[in-house]
Amino acid sequence: MAVIKVTDIAYVRLRSPDLDLQAEFLDNFGLAPSSKSSKALYYRGTDPVHHVHITEKGDPKFVAVGYHAASEDDLKTLAKAPGATGIENMDEPGGGKRVRLTEPNGYQIEVVWGMDKVPEIPAPRQLLNSGYAPLARAGDLMRIQKGPSRVKRVAHAVLGTPKVKETVNWFRHHLGFICSDDVYAGEKENLIGSFNRIDGGDTFVDHHVFFAINHGHAGLNHVSFEVADMDDVFMGHQHLRDTGKYEHMWGIGRHLLGSQVYDYWADPWRRVHEHWADSDRLNVKNGSNLLSAEEALVSQWGDPPPQKFIEHVSI
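What comes next concerns the included structure. (Residues numbered from 1 in each chain as written. Predicted model: local features only at pLDDT ≥ 70, side-chain atom pairs only at ≥ 80, totals over all residues. Heavy atoms only, no water.)

**Points about helix H4 (residues 230–243)**
Then step 1. Here H4 is 14 residues long and its end C-alpha atoms lie 20 Å apart, about the 20 Å a rise of 1.5 Å per residue gives.
Then step 2. Buried within H4 are the following residues: Asp232, Val233, Met235, Gly236, His237, His239 and Leu240.
Then step 3. In this structure, the buried side of H4 is in contact with helix H1 (19–29), strand S14 (219–227), strand S15 (247–255), strand S16 (261–266) and strand S17 (272–277).
Then step 4. Looking at the residues trailing H4, positive phi occurs at glycine 244, about 70°. (Helix = DSSP H or I, 4+ residues; strand = E, 2+ residues; numbered from the N terminus. Expected span 1.5 Å × (residues − 1). Buried < 20%, exposed > 50% of the residue type's maximum accessible area, 1.4 Å probe, protein only. Contact = heavy atoms within 4.5 Å.)

**A closer look at the sheet that holds strand S1 (residues 8–16)**
Hydrogen bonds between backbone groups are what pair the strands of a sheet, and the pairing can be parallel or antiparallel.
Then step 1. Read across the open sheet, the eight strands follow the order S2-S3-S4-S1-S5-S8-S7-S6; overall the sheet is mixed. Both edges of this open sheet fall to strand S2 (32–36) and strand S6 (88–89), since each of them pairs with a single strand only.
Then step 2. Sheet topology note: the S1/strand S4 (residues 53–57) ladder contains five bridges and is parallel. Bridge pairing in S4 places valine 12 opposite histidine 53.
Then step 3. Helix H3 (residues 164–175) rests against strand S5 (61–68), strand S7 (97–102) and strand S8 (108–113) of the sheet, and its axis sits at about 20° to S8. (Pairing = 2+ DSSP bridges. Axes fitted to C-alpha atoms, helices over the stretch in contact; angles between N-to-C directions.)

**Focus: the pattern of salt bridges**
Then step 1. Inspection of every chain in the model, using the stated rule, returns 24 salt bridges.
Then step 2. The closest approach of N and O atoms between arginine 13 and glutamate 92, which form a salt bridge, is 2.8 Å. Placement of arginine 13 in strand S1 and of glutamate 92 in the loop between S6 and S7 is noted, with a sequence separation of 79 residues between them.
Then step 3. Residue classification places arginine 13 among the buried residues on the basis of a relative accessible area of 3%.
Then step 4. Ionic pairing is found between aspartate 242 and arginine 241, a salt bridge with its closest N-O pair at 3.5 Å. (Salt bridge = Lys/Arg side-chain N within 4 Å of Asp/Glu carboxyl O.)

**Focus on the pairing of S17**
Consecutive side chains of a regular strand alternate in pointing toward one face of the sheet and then the other.
Then step 1. Counting buried residues along S17, six of its six residues qualify, which places the element largely inside the surrounding structure.
Then step 2. Alternating residues of S17 divide into Val272, Glu274 and Trp276 and His273, His275 and Ala277, and every residue in both groups is buried.
Then step 3. As defined by bridge partners, S14 adjoins S17 across four bridges and the pair is classed as parallel. In the strand pairing of S17, glutamate 226 is matched with tryptophan 276.
Then step 4. Of the pairings in the sheet, the one linking S16 to S17 comprises six bridges and is antiparallel in character. Its bridge partner being in S17, tyrosine 264 is matched across the sheet by glutamate 274.
Then step 5. Between the end of S16 and the start of S17, which pair antiparallel, lie five residues, with arginine 270 showing a positive phi angle near 65°.

**Things to note about the packing of aromatic side chains**
Then step 1. All told, the structure shown has 15 aromatic pairs when counted by the stated rule.
Then step 2. With 4.6 Å between their ring centres and 40° between their planes, phenylalanine 62 and tyrosine 107 make a pair best called tilted. Of this pair, phenylalanine 62 sits in strand S5 while tyrosine 107 sits in the loop between S7 and S8, placing them 45 residues apart in sequence.
Then step 3. Among the residues examined, tyrosine 107 registers a relative accessible area of 9% and is labelled buried.
Then step 4. An aromatic cluster is built from Tyr67, Trp170, Phe171, Phe177 and Phe210, whose rings are joined through pairwise contacts. (Phe/Tyr/Trp six-rings, centres within 6.5 Å; stacked < 30°, edge-to-face > 60°.)

These figures come from the coordinates and say nothing about function on their own.
Written as structure tokens, this is what we have:
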């Protein structure tokens with residue numbers, strides 16, 4: 001039985017020695033500043049959430065992933081879990097309260113409630129003329145705005161870990177995640193990866209909010225953000241490429257598990273950030289699957305992942 005059921009991912013928390021350089025990357029990636037100081041950056045998407053990305057000033061480090069609690073009562077329940085902090089008032093922009101825990105690899109997990117809401121940033125898109133709707137844009141010329149992608153929201157985080165089973169069981173127990181797809185290599189008992197989603201009951205949610213993948217060292221493989229649509233994935237790719245400043249890690253392609261059209265870029269300290277559009281959406285009736293690595297960890301189209309992506313974690 002889960003301690004609580006979180007409702008969504010809230011943010012990723014990183015550290016960087018140069019906040020101006022980090023801000024330049026986040027601007028080019030398609031996030032928008034919500035609050036800046038000499039000590040930290042808080043960036044948001046177009047959705048009405050105060051921030052989805054935090055960078056503190058300091059040596060390069062992956063610090064934490066945050067998740068939204070459904071209520072303050074959930075925080076009270078979680079605060080009783082072994083190793084949890086008490087309920088803390090968040091002394092940073094966006095406000096709210098949180099409980100902090102430590103997952104099996106030593107990273108901080110923050111469960112928050114009461115963060116400020118902010119007005120949505122308008123990001124209108126033109127309809128597509130397609131085989132399903134050939135006149136959706138009748139008489140209207142397609143003219144795509146050049147520039148960065150327009151990130152909507154943070155969507156999931158991926159941890160590399162030498163303790164896949166222990167890590168996955170921890171997240172399922174404490175945060176209420178349920179399995180979408182477990183992945184094995186060789187024997188079915190040899191779990192090497194696990195895609196987990198929010199338990200929204202009958203409500204449809206993203207295929208995964210958390211993915212754990214086997215790795216010799218624990219760390220962040222990537223943090224993922226939904227953008228406006230597939231054109232936005234491609235336009236964002238072109239914009240980041242044209243800056244000539246950032247390392248392209250993988251893409252563009254379409255995953256099999258989750259089905260996202262993806263593109264991966266590294267920030268100046270090689271923390272990998274993903275743009276995606278179009279995810280599978282599942283509810284409790286979809287159940288869970290067990291697949292081999294050969295059939296699961298592939299793309300429906302696009303190049304296979306390069307070794308630099310497979311082997312990457314940020315500690």
